[in-house]
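# Coordinates in review
Below are the chains, spelled out letter by letter.
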Amino acid sequence: MKIFADGNIPFVRECFSSVGDVEIMGGREMTPEAVANADALLVRSITRVDERLLSGSAVKFVATATIGFDHIDLDCLDARHIGFASAPGSNATSAAEYVIAALLEIGQRHGIRLDGRSIGVIGVGNVGGRVAARCEALGMHVRRNDPPLQRRTGDPKYVPIEAVFDCDFITMHTPLTREGADNTYHLADERFFSSLKQGAVFVNASRGAVVDSQALKAAIAVKRLKAVALDVWENEPNIDVDLLDAVDLGSPHIAGYSLDGKIAGLIMIYQALCEHFGLPAKFDVGDFLPAPDVATIELPDEVGDEQDAIASAVEKVYSIVRDDRDLRRIVGEPPEARGRFFDALRKNYPVRREFHNTTVVVPEPGGALVRKLLGIGFKVKGRRREDDV
Ligand SMILES: O=C(O)[C@H](O)[C@H](O)COP(=O)(O)O
């Protein structure tokens, strides 16, 4: 079997060589000619898989090592009887941890206490659900908006979008869809931003085109928004550098880029391919994940301010400030090189591990600080042996 794979899927050769001949290429190099001989295609979000790419090929199976699959034309795959798999939830914890890091960093910069603030989570699937749970653990009042889930479950905890407009924070986690009742293209438009509370904080880690960039820039310019964190952009990799200049935190679509999330995605599509072709799967996540660099963080005896302590623990494991600083170097590049720069930041992204790999050692077990650390995903342990949490 010939498996053509995006080389930015870590360990893709090591893993898939066990079931076929692996040819590695860049996601943007997957042209109809290049993939004509493939039996299986392994892609990421930057490769559009549609009739144009597949016509003339013998591809029997397509997998994307991502949660989102707006880049895949599923009708085309159906019509061609091509099997399909994505990696739902694989990097959801990573994306949720990005949001927590963004909220804490914005909180520190603007002197905002998260405890007691309200946050509207728009889109409550794998990522949004995890964000909501973590925000609640931090003492925030969470309002969940997800019309398809509301219709499916009838659960009153899902509120109409108008009910989140007066939240202190808004965070976007919908898939990108361009048609139907739940169309999310430019969901955050001029009307959306003008309905928000004055001085709201806005985060987008879903897809760039869920937000109308012009409307967002206008909302920042008139100070409707106090702070903005953007991980995703319209027209990636050719992003709007004026918008980058206007936001507090910008990053190159890496919210889901923890090594844990990437390996989980790899294994999900590996197991799906094996199942599709009736082959035994011999690898699991544990075969590729190394020990974490930051296994423990010791808090001092005098912990001081709780939010400062949590922000500092998060910063030691994941520095969103470093991601922001790295992306801002894009403005020093000539305009025609900026897309390559954005792609290169993603390709060479440093190893980042999820919070559950780190144990925070606290002076006293129990209490609000411990509950919050556990709630956002850390392991926690008391300083004395008998103080295990
Ligand atoms: O949809 C997803 O899984 C995420 O947005 C993911 O982080 C996209 O990453 P990439 O396609 O660059 O691997």
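As recorded in an unreviewed UniProt entry, the protein goes by the name 4-phosphoerythronate dehydrogenase, listed as coming from Anaerobaca lacustris.

## Quick word on the site of the ligand
The local shell around the ligand consists of Arg44, Ser45, Thr66, Ile67, Gly68, Asn91, Arg207, His253, Tyr257 and Arg346. Asn91 has a polar side-chain atom sitting 2.9 Å from an oxygen atom of the ligand. At 2.5 Å, a side-chain N or O of Tyr257 approaches an oxygen atom of the ligand. With the chains in place, 91% of the 360 Å² that the ligand exposes on its own is no longer accessible. Considered class by class, the residues forming the shell around the ligand number two nonpolar, five polar and three charged.

## Here's the deal with the sheet that holds strand S3 (residues 40–43)
One open sheet accounts for five strands, arranged S2-S1-S3-S4-S5; its pairing is parallel. Edge positions in the open sheet fall to strand S2 (21–25) and strand S5 (83–85), since each of these has one partner strand only. Neighbouring strand axes in the sheet, compared pairwise and without regard to direction, differ in orientation by 15 degrees on average. Summarising the sheet, strand S1 (residues 2–6) and S2 pair through five bridges and their orientation is parallel. Looking at S2, one finds that Ile3 is bridged to Val22. Across the sheet, helix H11 (residues 259–277) touches S1, S3, strand S4 (61–64) and S5, and the angle it forms with S4 is around 165 degrees.

## Here we look at the UniProt feature "domain: Erythronate-4-phosphate dehydrogenase dimerisation" (unreviewed entry) in the protein
UniProt marks residues 288–363 with the feature "domain: Erythronate-4-phosphate dehydrogenase dimerisation" (unreviewed entry), using the numbering shown here. What you have in residues 288–363 is 41% helix and 9% strand, and the ends, taken at the C-alpha atoms, are 34 Å apart.

## Some words on unusual backbone geometry
The peptide bond linking Glu236 to Pro237 adopts the cis configuration, its omega dihedral lying at 5 degrees. Structurally, Pro237 is set in the loop between strand S10 (225–230) and helix H10 (241–246). At His81, a position not held by glycine, the phi torsion is positive, near 55 degrees. Among the secondary structure elements, His81 is positioned in the loop between helix H4 (74–79) and S5.

Calculation rules
Residues numbered from 1 in each chain as written. Predicted model: local features only at pLDDT ≥ 70, side-chain atom pairs only at ≥ 80, totals over all residues. Heavy atoms only, no water. Near = heavy atom within 4 Å. Polar contact = N/O pair within 3.5 Å; in protein donor to acceptor, adjacent residues only side chain to side chain. Areas by Shrake-Rupley, 256 points an atom, 1.4 Å probe, with all protein chains shown as cover. Nonpolar A, V, L, I, M, F, W, Y, C, P; charged D, E, K, R; others polar. Pairing = 2+ DSSP bridges. Helix = DSSP H or I, 4+ residues; strand = E, 2+ residues; numbered from the N terminus. Axes fitted to C-alpha atoms, helices over the stretch in contact; angles between N-to-C directions. Contact = heavy atoms within 4.5 Å. UniProt positions renumbered as here; feature names shortened; annotations may be inferred.

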